[in-house]
Structure formats: C-alpha cells, structure tokens
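# Residue-level structure breakdown
Spelled out, the chains give:
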Amino acid sequence: LIANMIKTKEKDLELKKHLEHSNKINQAKKNYEAKVIREETTRLERENEIAMLEQKEMELIQRLQNTQNLQKQAYAELEKVLVADPKELTQTGNLSRQTTSQSRRF
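This structure is a prediction, so every number in the text was calculated from the model and none was measured.

## Digging into the overall build of the protein chain
Tallying secondary structure elements over the protein chain gives three helices and zero strands in all. Considering the protein chain as a whole, with its 106 residues, one finds that 6% of them fall into the buried category. Carbon together with sulfur atoms contributes 56% to the accessible area of the protein chain, which is approximately 10000 Å² in total.

Below you can see the structure in the form of structure tokens.
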C-alpha cells in the first residue's frame, strides 16, 4: 500500500515535470514566433522605406538633370548673345527677351 502511494506520487511528480517542461517549450516557441513576426514586420517596413527613398532619389535626380539642361540652354543662349554682332541684337530683340524669360525659371 505504501509502495503504491510512493509510485503514484513519483508518477504524479514525473507527469508534473513533463507538463512544466512542455509548457516551457510551448512558451519558448510562442516567444520565438512572436519575435520572428516582429522582425519580419520591421524588415518589411524598412524595405518600404528604402523603396520610397529610392523613388524620391530618382525624382530628385530627374529634377537635377532638368535644371542642368535648362542651365545648358541658358548658357548657349548667353553665348549666342555674347558672340553675336550688336547690330543683329538690335534687329532681333526677341533673343534678349527669350534669355530673360528662361533665366526667370531658375
């Protein structure tokens, strides 16, 4: 009778240890899965942020190229004015007005 009680207590204790161990493993799995989800979410947010920054960079590069093209055109017009004969400039007053209107764009 006492031997049976001891065996029952040992089995209960073994079962309790097994359940505690299983609970610890399950909790560790849940914690790991939650961590993986948080990291994946953070990674996706960073990728989206990088994509938006890359898009902004492309837009800024395009604006810079457009500005550089306008500057080249303005310098070409200025060079024409500087090289042109003063008589031609007075006859074609449009050239100076075009240069002035382009310089306002900057």
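## A look at a nonpolar patch on the surface
A cluster of nonpolar side chains, contributed by Tyr75, Leu78, Leu82 and Val83, occupies part of the molecular surface with about 470 Å² of accessible area. Along the polypeptide, Leu82 turns up in helix H1 (residues 2–83).

## Some thoughts on the pattern of salt bridges
In this structure the tally under the stated criterion is four salt bridges. The partner of Glu40 in a salt bridge is Arg43, and the shortest N-O contact between them spans 2.4 Å. Taken as a pair, Glu40 and Arg43 lie in helix H1 at a separation of three residues, close to a single helical turn. Judged by relative accessible area, Glu40 falls into the partly exposed class, the value being 34%. Arg43 is the salt-bridge partner of Glu47, the closest N and O atoms lying 2.3 Å from each other. In this pair, Glu47 and Arg43 both sit in helix H1, four residues apart, roughly one turn of the helix. According to the relative accessible area criterion, Arg43 is partly exposed, its value standing at 37%.

Calculation notes
- Residues numbered from 1 in each chain as written.
- Predicted model: local features only at pLDDT ≥ 70, side-chain atom pairs only at ≥ 80, totals over all residues.
- Heavy atoms only, no water.
- Helix = DSSP H or I, 4+ residues; strand = E, 2+ residues; numbered from the N terminus.
- Buried < 20%, exposed > 50% of the residue type's maximum accessible area, 1.4 Å probe, protein only.
- Areas by Shrake-Rupley, 256 points an atom, 1.4 Å probe, with all protein chains shown as cover.
- Patch = residues over 30% accessible without salt bridge, like charges linked within 9 Å, V, L, I, M, F, W, Y side chains within 5 Å.
- Salt bridge = Lys/Arg side-chain N within 4 Å of Asp/Glu carboxyl O.

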